Amino acid sequence: MRQETRRCLELDRAHCWHPFTPQDDWCSTDFEPIAIARGQGVWLFDTENRRYFDGNSSIWTNIHGHAHPHITAAIQRQAETICHSSFLGYTHPLAAELAEKLTRLLPGQPMERVFFSDNGSTAIEVALKMALQYRQQTGEPERNGFIAFVNGYHGDTLGAASIGGVSRFFDRFRGPGHPLHQISSIEDLHQLPEEIVRSTAGLVIEPLIQGVNQMRPWPPGTLAELRRWSTANGIHLILDEVMTGFGRTGKMFACQHENVVPDFLCLAKGLTGGYLPLAATLTTQEIYDAFRGPAENAFYYGHSYTANPLGCAAALASLEVFESEKTLEMLQPKLATFSSRLEALGNQSPQIKEIRQVGLIAGIELHSHPTRSGKSVCQLAMKHGLSTRPILDTIVIMPPLCTTESELDFVFEALQSSLNESGH
Ligand SMILES: *Cc1c(COP(=O)(O)O)cnc(C)c1O
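Conventions used here
- Residues numbered from 1 in each chain as written.
- Predicted model: local features only at pLDDT ≥ 70, side-chain atom pairs only at ≥ 80, totals over all residues.
- Heavy atoms only, no water.
- UniProt positions renumbered as here; feature names shortened; annotations may be inferred.
- Pairing = 2+ DSSP bridges.
- Helix = DSSP H or I, 4+ residues; strand = E, 2+ residues; numbered from the N terminus.
- Polar contact = N/O pair within 3.5 Å; in protein donor to acceptor, adjacent residues only side chain to side chain.
- Contact = heavy atoms within 4.5 Å.
- Core = buried A, V, L, I, M, F, W, Y, C linked by side-chain atoms within 4.5 Å.
- Buried < 20%, exposed > 50% of the residue type's maximum accessible area, 1.4 Å probe, protein only.
- Salt bridge = Lys/Arg side-chain N within 4 Å of Asp/Glu carboxyl O.

In the nomenclature of an unreviewed UniProt entry, the protein chain corresponds to Adenosylmethionine-8-amino-7-oxononanoate aminotransferase from the organism Luteolibacter pohnpeiensis. UniProt's Cofactor (unreviewed entry) comment on the protein chain is quoted here verbatim: "pyridoxal 5'-phosphate". Under Pathway (unreviewed entry), UniProt gives the following word-for-word description of the protein chain: "Cofactor biosynthesis; biotin biosynthesis; 7,8-diaminononanoate from 8-amino-7-oxononanoate (SAM route): step 1/1."

The subject of this paragraph is the pairing of strand β13 (residues 352-358). Taken together, the 6 bridges between β13 and strand β14 (residues 361-366) define a ladder with antiparallel strand orientation. The partner of Gln-357 across the bridge, within β14, is Ala-362. In this structure, the hairpin formed by β13 and β14 is closed by a connection of 2 residues, where Gly-359 is found at a positive phi of approximately 55 degrees.

Backbone-to-backbone hydrogen bonds pair the strands of a sheet. The strands run either parallel or antiparallel. As summarised here, the arrangement of the 4 strands in space is β13-β14-β17-β16, forming an open sheet in which the pairing is antiparallel. Either end of the sheet is taken by a strand with one partner, and the two such strands are β13 and β16 (390-391). Here β16 runs beside strand β17 (residues 394-397); their pairing, made up of 2 bridges, is antiparallel. Paired with Ile-391 across the strands is Thr-394, a residue of β17.

Another point: the side chain of Thr-306. Tracing the backbone through its elements, the reader meets Thr-306 in the loop between α12 (285-289) and α13 (309-324). For Thr-306, the side chain forms a polar contact with the main-chain oxygen of His-303, separated by 2.8 Å. With sequence-adjacent residues up to four places away left out, Thr-306 is seen in contact with His-84, Phe-87, Phe-116 and Asp-118.

This paragraph deals with the nonpolar core. In this structure, Leu-98, Leu-102, Phe-116, Leu-203, Phe-246, Ile-364 and Ile-397 are the most contacted members of the largest nonpolar core, which totals 69 residues. It is helix α16 (residues 405-422) that contributes the most residues to this core, 6 residues altogether. Beyond its immediate sequence surroundings of up to four residues, Phe-116 is in contact with Phe-87, Ala-95, Leu-98, Ala-99, Leu-102, Leu-278, Ala-279, Ala-280, Thr-306 and Ala-307. Grouped together as the second largest cluster of nonpolar side chains are 27 residues, Ala-123, Ala-279, Phe-291 and Tyr-301 included.

It is worth spelling out the pattern of salt bridges at this point. The tally for this structure, following the rule as stated, stands at 12 salt bridges. Measuring nitrogen to oxygen at the nearest pair gives 2.8 Å for the salt bridge that ties Glu-225 to Arg-228. Of this pair, Glu-225 and Arg-228 both sit in helix α11 (residues 222-232), 3 residues apart, roughly one helical turn. According to the relative accessible area criterion, Glu-225 is buried, its value standing at 18%. One salt bridge in this structure joins Glu-354 and Arg-356, with 2.5 Å as the shortest N-O distance. Residue classification places Glu-354 among the partly exposed residues on the basis of a relative accessible area of 38%. According to the relative accessible area criterion, Arg-356 is buried, its value standing at 5%. Each of Lys-353, Glu-354, Arg-356 and Glu-365 takes part in salt bridges that share partners, so that together they form one network.

The following block contains the structure:
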């Protein structure tokens with residue numbers, strides 16, 4: 001082991017505390033964490049210079065690959081100009097430019113207003129707070145509840161966690177907060193008592209597919225029906241596209257698959273191409289207008305790094321790459337390859353219980369088995385040069401959109417070998 005690696009692991013074990021991580025497992029002597037040193041395209045390199053395919057796009061963020069010359073140049077240029085200035089009391093050219101570009105991503109520009117924040121959780125917080133304050137300022141303060149889905153995931157800050165439905169993460173944080181009604185299906189929605197419907201401000205969903213819930217797609221038509229129902233009942237539809245946004249599902253946004261326009265659209269992970277933390281909550285002019293008038297109507301919310309210029313530079317550069325590399329067009333044939341590769345894998349691997357896929361997002365669920373769990377297969381995959389993380393016994397495969405067909409071959413060969421070895 002190199003000196004650099006040894007020092008990193010020593011310091012980490014002594015001082016770091018990792019997200020979503022039982023620290024006893026992390027610090028156990030038979031576990032050796034991997035320290036990532038650099039990235040190039042779809043590849044990650046560790047401090048021992050071993051190479052891994054970035055099979056979950058660095059926790060669902062990366063879009064065009066690592067160290068993309070166009071995005072890194074934009075960040076470098078901005079870093080030499082100014083790294084941060086306040087969006088409270090000032091504006092800056094990149095944020096204004098980015099806001100306009102984001103509103104143009106949905107045809108007809110139904111979402112004209114952009115509120116920037118720092119990450120997926122804050123993009124949700126913003127939507128929830130706006131949805132509540134909107135009601136207070138439009139004569140319906142009794143509408144102070146939300147409807148969200150069982151096993152949904154919307155982030156870890158306290159407000160976002162309060163509408164989360166993954167019980168192992170969120171049950172302990174359920175506080176007084178705002179009334180939450182959890183449903184599992186459209187049928188549940190239609191059966192909600194009238195008094196609950198009348199006291200609801202917004203309905204929140206991860207459109208097309210739930211991510212943290214082991215990559216579980218919704219039945220087709222779900223989103224369109226939610227839109228119809230929300231409109232009919234005067235409820236705002238809040239779409240959490242933190243994972244699905246920016247091409248992951250095959251279209252720029254998941255809502256475009258069912259021609260749905262929400263009232264709030266929450267974006268983060270892929271916004272900067274996966275380079276820097278930045279988020280955006282888009283909403284309609286009609287909602288924005290309810291925050292005008294007297295000063296007490298303003299939306300008193302913000303973060304120190306709101307609309308950070310480096311993040312905006314990365315986001316603009318990422319959108320430019322979507323155009324220059326025709327990312328969405330190039331993606332279409334790869335989606336067919338991805339599907340057929342998944343199907344072949346399923347046919348050849350008795351350990352697989354179910355494969356779920358939307359666009360370039362796949363969840364490969366294994367039959368529960370003590371020694372062939374998602375975790376052990378992912379550990380074997382690392383040895384074959386494929387990096388990814390399981391969710392329980394589901395292996396997540398979510399490659400960057402720039403992945404080539406031959407790189408996909410590599411991914412599936414590594415997966416097949418790992419599954420074969422885990423079978424013994
Ligand atoms: C990751 C994620 C979030 C939270 O985003 P963070 O940037 O991690 O705070 C929210 N919603 C969905 C659907 C996500 O996948």
